[in-house]
Amino acid sequence: MQEYTEEQFLEKYNSLPQELKTAMSSVESSDIIQAISKKFGLQIDQMGELASETGFVLLGFTKPEDYIRNLKDRLQIEPQKAKEIALEINSQIFSKVKETLKRMHGIGGEEKKEIE
């Protein structure tokens, strides 16, 4: 797992669009992570790892395509459980900031060409 300094976190956080800052620091996101952790029977330390890895995606440190694998490794859970947790996080947190995340991570970067 990659280690980041406090300065790296602050630099990334300060450069985020407001929408992502809100998603990272909202009580709602925290409540969602707690509820998902409870639903899947995660321990307190695993809940912390889930919150951290979710924050890494929002900050741009983790690419979305690495999220499930990172959850599996960090939470030390089966791949299917990691996928199910990721789907819940996606539908309840990431989907609310989907377009901003896509721009930040360079997903779907081709612009539509206008028909003349």
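Residues numbered from 1 in each chain as written. Predicted model: local features only at pLDDT ≥ 70, side-chain atom pairs only at ≥ 80, totals over all residues. Heavy atoms only, no water.

### A short note on the overall build of the chain
- Scanning the chain from N- to C-terminus turns up 7 helices and 0 strands.
- What you see in the chain, going N to C, is helices and strands ordered as α-α-α-α-α-α-α.
- Its C-alpha atoms give the chain a radius of gyration of 15 Å, within 12% of the compact-globule value 13 Å for 116 residues.
- Overall size of the chain, expressed as C-alpha extent along the three principal axes, is 55 × 35 × 25 Å.
- Counting across all 116 residues of the chain, residues that qualify as buried make up 35%.
- Intrachain contacts of the chain at a sequence separation of at least 6 include 63% that bridge at least 24 residues.
- Accessible area of the chain: about 7,900 Å², with a carbon and sulfur share of 49%.
- When the 16 basic and 21 acidic side-chain charges of the chain are each reduced to a single mean position, those positions are 4 Å apart. (Helix = DSSP H or I, 4+ residues; strand = E, 2+ residues; numbered from the N terminus. Rg over C-alpha atoms; globule rule 2.2 N^0.38 Å. Buried < 20%, exposed > 50% of the residue type's maximum accessible area, 1.4 Å probe, protein only. Contact = heavy atoms within 4.5 Å. Areas by Shrake-Rupley, 256 points an atom, 1.4 Å probe, with all protein chains shown as cover. Lys, Arg positive; Asp, Glu negative; His and termini not counted. Charge placed at Lys NZ, Arg CZ, Asp CG, Glu CD.)

### Considering helix H7 (residues 98-105)
- Of the positions making up H7, those classed as buried are Thr100, Leu101 and His105. Angular distribution of buried residues about the axis of H7 spans 120 degrees; they occupy a single face of the element.
- On the buried face of H7, the contacting elements are helix H2 (18-25) and helix H4 (44-59).
- Just beyond H7, the residue with positive phi is Gly106, at close to 70 degrees. (Arc of directions from axis to C-beta.)

### A few points about H2
- Taken together, the buried positions of H2 are Leu20, Lys21 and Ala23. Burial along H2 is one-sided: seen end-on, the buried residues are contained in an arc of 160 degrees. Facing away from the buried surface of H2 by more than 90 degrees, the exposed residues are Gln18 and Ser25.

### Focus on the nonpolar core
- Grouped together as the largest cluster of nonpolar side chains are 27 residues, with contacts concentrated most on Leu50, Leu58, Tyr67, Leu71, Ile85, Ile89 and Phe94.
- A total of 6 residues in this core trace back to one element, the largest contributor, which is H4.
- Excluding its chain neighbours within four sequence positions, the residues that come into contact with Ile89 are Ile33, Ile36, Leu50, Thr54, Tyr67 and Phe94. (Core = buried A, V, L, I, M, F, W, Y, C linked by side-chain atoms within 4.5 Å.)

### Some words on the packing of H4 against H7
- Between H4 and H7, the least distance of the axes is 9 Å, while the angle of their chain directions is 70 degrees. Taken together, the axes of H4 and H7 are roughly perpendicular relative to one another. Residues Val57, Leu58 and Leu59 of H4 touch H7, and the partners they reach there are Leu101, Met104 and His105.
- Residues belonging to the contact of H4 with H7 are distributed by class as follows: 5 nonpolar, 1 polar and no charged. (Axes fitted to C-alpha atoms, helices over the stretch in contact; angles between N-to-C directions. Parallel < 35°, antiparallel > 145°, perpendicular 65-115°, else oblique. Nonpolar A, V, L, I, M, F, W, Y, C, P; charged D, E, K, R; others polar.)

### Digging into the packing of aromatic side chains
- For the structure on display, the rule yields 7 aromatic pairs.
- Between Phe9 and Phe56, the aromatic rings sit 5.8 Å apart at their centres with planes inclined by 25 degrees, giving stacked as the arrangement. Of the two residues, Phe9 sits in helix H1 (residues 6-15) while Phe56 sits in helix H4, which places them 47 residues apart along the sequence.
- We classify Phe9 as partly exposed; its relative accessible area is 27%.
- Overall, the relative accessible area of 9% leaves Phe56 in the buried class.
- Ring centres of Phe56 and Phe61 lie 6.0 Å apart, and the angle between their planes is 85 degrees; this geometry places the pair in the edge-to-face category.
- Residue class for Phe61 comes out buried when judged on its relative accessible area of 17%.
- An aromatic cluster of at least three residues, connected via ring pairs, comprises Tyr4, Phe9, Phe56 and Phe61. (Phe/Tyr/Trp six-rings, centres within 6.5 Å; stacked < 30°, edge-to-face > 60°.)

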